[in-house]
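# Remarks on the overall topology
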Amino acid sequence: MKIASVRATPLNLPVTMGSGARAKSTSLSLCLVDVELDDGRIGTGMTAITEEEVVASIVNDIASHALVGMDPLRHEQVWDKLYWLLTPRGQSGYASHAIAAIDLALWDLKGQILGQPVWRLMGGARSQVPVYATFGFAFFDRDELAAAAKAWVERGFKRLKMTVGHHALQRRDEPRPLADVIAEDVKRIEAVRNAVGPDVQIFIDANCSLDYFHASALAQRIEDFGIAFFEEPVSQNDIPNLVKLRGKTRIPLAAGQNEGLASRFRDMLVAQAVDVVQPNACITGGYTQCLRIAGMAAAFNAQFANGGAWPHHNMHLHAGLANGSLVEYHSVAVEVCKQVFDDLPEPSQGMLALPDVPGLGFRPNRERIADLAKRPGSRGVGKA
């Protein structure tokens, strides 16, 4: 039983959120990777929040040639080979995404070969995971944001996440003063809290779009709203700035969804820079590396959660491990995945039940994918 081929398919997928006059159409890219064995079985992984065309080229033109003939069950051997092929001097970036997609495909195959769902192979700590719904995007005005929050609570969600910062550093030359951005964010958070009441958890995410000064100012002004955590508050997940910010706010800090190296999580934990580490299985080197990071989080008694969306892949990690916890049910990412995969489980009352089907438990729809693959690539704008 050997790897016969590895092939990637870049996809740039349309998605519309909201309805009526405030409907927002955008696109989100992802890259599927199929690992096929010499007996015909296929495992499928994916990555996203990156340039799908670049990752596909890395997989098809470089990684695939190195993996043919290898044993698919020896995921540590394959991971190490890919690391030294694509990341030999500590860089990560696109390499981490490519490794993640291949690694997920191998774990999908492992489950098929052994007749077990992936979450059981990782330890089977629980058969369902709690999810938080990421719903609060910049295109909503305050009233629409509050209405959307109420609608998600009515669907059974008691944990909601909204974005703040809104690419403030990237857009500072529009001009768009950062002080104005965070002043509006305070009002938006207050509107959501008033809409959902005190018993719903609210998480916020700046997507690394603020500097320390403005992230600190925002945190101080919203402490009384009971924020469950503040995700990626500062640019580059800058560790010294995270340490300073954590020392000045009662709000727990979270980070890590786009980090590519396990050593970055070690550095965050040693520096006590965050309360929650958030590797993403689709980005941070796949399950193989995320398992190592989860072990570090356990050793430091830090919370280990999912940031960066793609719940149906990350749910296996958090169901498998005893210290697994929250999984992000990102509404845009979920709508994109529904175009690609069949049999995706739906959450109920804020919980997502794990499938008992061998492997990942959901399968790519090849007919739809073939049609979607005809769309032009994102050319750098596939991050919604």
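Above this note sits the structure.
Every residue gets a number counted from 1 within its own chain, in the order that chain's sequence is written. The model is predicted, so local features are restricted to residues of pLDDT at least 70 and side-chain atom pairs to those at 80 or more, both for listing and for counting; the totals for chains, interfaces and linings are taken over all residues. Processing note: side-chain calculations cover all non-hydrogen atoms of the structure and skip hydrogens and water entirely.

Glancing now at the overall build of the protein. Looking only at helices and strands, one finds 13 helices and 14 strands in the protein. Against the compact-globule benchmark of 21 Å for 384 residues, the protein has a radius of gyration of 20 Å, which places it among compact chains. Remark: exposure states derive from per-residue accessible area (1.4 Å probe, protein chains only) relative to the maximum for the residue type, with buried under 20%, exposed over 50%, and partly exposed in between. Going through the 384 residues of the protein one by one, you find that 58% of them count as buried. Contact criterion: two residues are considered in contact whenever any of their non-hydrogen atoms come within 4.5 Å of each other. The contacts in the protein between residues at least 6 apart in sequence include a share of 71% that link residues at least 24 apart. Using a 1.4 Å probe, accessible areas were evaluated by the Shrake-Rupley method; residue-level cover was limited to the displayed protein chains. Surface summary for the protein: the accessible area is close to 15,100 Å², and the carbon and sulfur share equals 50%. The positive charge centre, built from 39 side chains, and the negative charge centre, built from 42, are 2 Å apart in the protein. Labels follow the DSSP assignment, with helices taken as runs of H or I lasting at least four residues and strands as runs of E lasting at least two, numbered in each case from the N terminus. Two things to know: the radius of gyration comes from C-alpha atoms, and the globule rule equals 2.2 Å times the number of residues to the power 0.38. We score Asp and Glu as negative and Lys and Arg as positive, and we do not count His or the chain ends. We put the charge of a Lys on NZ, of an Arg on CZ, of an Asp on CG and of a Glu on CD.

At least two bridges found by DSSP between two strands are what make those strands a pair. Strand order across the open sheet formed by 3 strands is 1-2-3, with antiparallel pairing between neighbours. Bordering the open sheet on either side are strand 1 (3-17) and strand 3 (42-48), each of which pairs with just one other strand. Averaged over all adjacent pairs, the angle separating strand axes in this sheet is 25°, with direction ignored. When strand 1 meets strand 2 (residues 24-37), the two strands line up antiparallel, connected through 14 bridges. For Ile3, the partnering residue across the bridge sits in strand 2 and is Leu37. Here the axes come from fitting lines to C-alpha atoms, over the contacting stretch only for helices, and the angles between their N-to-C directions go from 0 to 180 degrees. Across the sheet, helix 3 (residues 94-114) is in contact with strand 1, strand 2 and strand 3; its angle to strand 3 comes to roughly 150°.

Attention now goes to the pattern of salt bridges. What counts as a salt bridge is simple: a side-chain nitrogen of Lys or Arg found within 4 Å of a carboxyl oxygen of Asp or Glu. All chains considered together, the criterion is met by 19 salt bridges. Between Arg250 and Glu223 there is a salt bridge; the shortest N-O distance is 2.9 Å. Of the two residues, Arg250 is situated in the loop between helix 8 (239-246) and strand 8 (253-255) and Glu223 in the loop between helix 7 (212-222) and strand 7 (227-231); the sequence distance between them amounts to 27 residues. By relative accessible area, Arg250 is classed as exposed at 59%.

What follows covers the packing of helix 2 (residues 75-86) against helix 10 (residues 286-299). Axis separation between helix 2 and helix 10 bottoms out at 9 Å; the angle between their running directions is 95°. Classified by the angle between their axes, helix 2 and helix 10 sit roughly perpendicular to one another. Listed contacts from helix 10 to His75, Glu76 and Trp79 of helix 2 are Thr288, Gln289 and Arg292. Classifying every residue of the contact of helix 2 with helix 10 gives 1 nonpolar, 3 polar and 2 charged. Convention used here: angles under 35 degrees read as roughly parallel, angles over 145 as roughly antiparallel, angles from 65 to 115 as roughly perpendicular, and any remaining angle as oblique. Side-chain classes are defined by residue name, with Ala, Val, Leu, Ile, Met, Phe, Trp, Tyr, Cys and Pro counting as nonpolar, Asp, Glu, Lys and Arg as charged, and the others, Gly among them, as polar.

Okay, the environment of Arg264 next. Mapped onto the fold, Arg264 is located in helix 9 (residues 262-270). Exposure remark for Arg264: the relative accessible area of 23% places this residue in the partly exposed category. Separated by 67 residues in sequence, Arg264 and Gly197 have C-alpha atoms that sit 37 Å apart. A 3.5 Å cut-off defines polar contacts: any pair of N or O atoms within that distance qualifies, except that in protein one atom must be a possible hydrogen donor and the other a possible acceptor, and neighbouring residues in sequence count only when both atoms are side-chain atoms. Of the polar contacts made by the side chain of Arg264, one reaches the side chain of Glu259; its length is 2.9 Å.

Attention shifts here to helix 6 (residues 178-196). In a helix, the anticipated span is given by 1.5 Å times the number of residues less one. With 19 residues, helix 6 extends 27 Å between its outermost C-alpha atoms, agreeing within 8% with the 27 Å of an ideal straight helix rising 1.5 Å per residue. Taken residue by residue, helix 6 has Leu178, Val181, Ile182, Asp185, Val186, Arg188, Ile189, Ala191, Val192, Arg193, Ala195 and Val196 as its buried positions. Each element contacted by the buried residues of helix 6 is listed here: strand 4 (128-136), helix 5 (142-154), strand 5 (159-163), strand 6 (201-205), helix 7 and strand 7. One or two residues past the end of helix 6 sits Gly197, with phi positive at roughly 85°.

Between two packed helices, both the angle of their axes relative to each other and the distance between the axes serve to describe the pair. As a packed pair, helix 2 and helix 3 sit with axes 10 Å apart at the nearest point and diverge in direction by 165°. Classed by the angle they form, the pair helix 2 and helix 3 counts as roughly antiparallel. In terms of crossing hand, the pair formed by helix 2 and helix 3 is right-handed. Packed against helix 2, whose contacting residues are His75, Val78, Trp79, Leu82, Tyr83 and Leu86, the element helix 3 presents Ala95, Ala98, Ile99, Ile102, Asp103, Leu106, Trp107 and Lys110 at the interface. Of the residues that constitute the contact of helix 2 with helix 3, the class distribution is 11 nonpolar, 1 polar and 2 charged. Crossings are classed by handedness, with left-handed meaning an anticlockwise turn of the near helix from the far one by less than a right angle and right-handed meaning a clockwise turn.

The subject of this paragraph is the environment of Leu321. Mapped onto the elements, Leu321 comes out in the loop between helix 11 (311-320) and strand 11 (327-330). Since its relative accessible area comes to 14%, Leu321 is described here as buried. Measuring from C-alpha to C-alpha, the distance between Leu321 and Leu291 comes to 8.4 Å, with 30 residues separating the pair along the chain. Ignoring anything within four residues of it in the chain, the contact list for Leu321 reads Met122, Ala125, Arg126, Leu291, Ala294 and Phe304.

On to the nonpolar core. If you look at the biggest cluster of nonpolar residues, it comprises 101 residues, and the most contacted ones within it are Leu30, Leu160, Phe230 and Trp310. For this core, the leading source of residues is helix 6, giving 8 residues. Not counting chain neighbours up to four residues away, the residues in contact with Trp310 comprise Leu28, Leu30, Met46, Ala48, Ile49, Asn280, Cys282, Ala333 and Cys337. Counting 28 residues, the second-largest nonpolar core is a separate cluster that includes Ala8, Val33, Leu37 and Leu261. To define a nonpolar core, start from buried Ala, Val, Leu, Ile, Met, Phe, Trp, Tyr and Cys residues and group those joined through side-chain atoms within 4.5 Å.

With that out of the way, let us pick up the pairing of strand 11. Looking down a regular strand, the side chains alternate between one sheet face and the other. Because side chains alternate across strand 11, one face comprises the buried residues Val327 and Tyr329, and the other comprises Glu328 and His330, equally buried. In the sheet, strand 4 pairs with strand 11 via 4 bridges, with the strands oriented parallel. Of the residues in strand 11, the one forming a bridge with Ala133 is Tyr329.

We now examine the state of the cysteines. A pair of sulfur atoms, both from cysteines and within 2.5 Å, is called a disulfide here. Counted by the stated rule, this structure contains 0 disulfides. No disulfide involves Cys208; its sulfur sits 17 Å from the nearest other cysteine sulfur, which is in Cys290. On the basis of relative accessibility, which here comes to 21%, the residue Cys208 falls in the partly exposed class. With no disulfide of its own, Cys337 lies 7.6 Å from the sulfur of Cys282, the closest cysteine sulfur.

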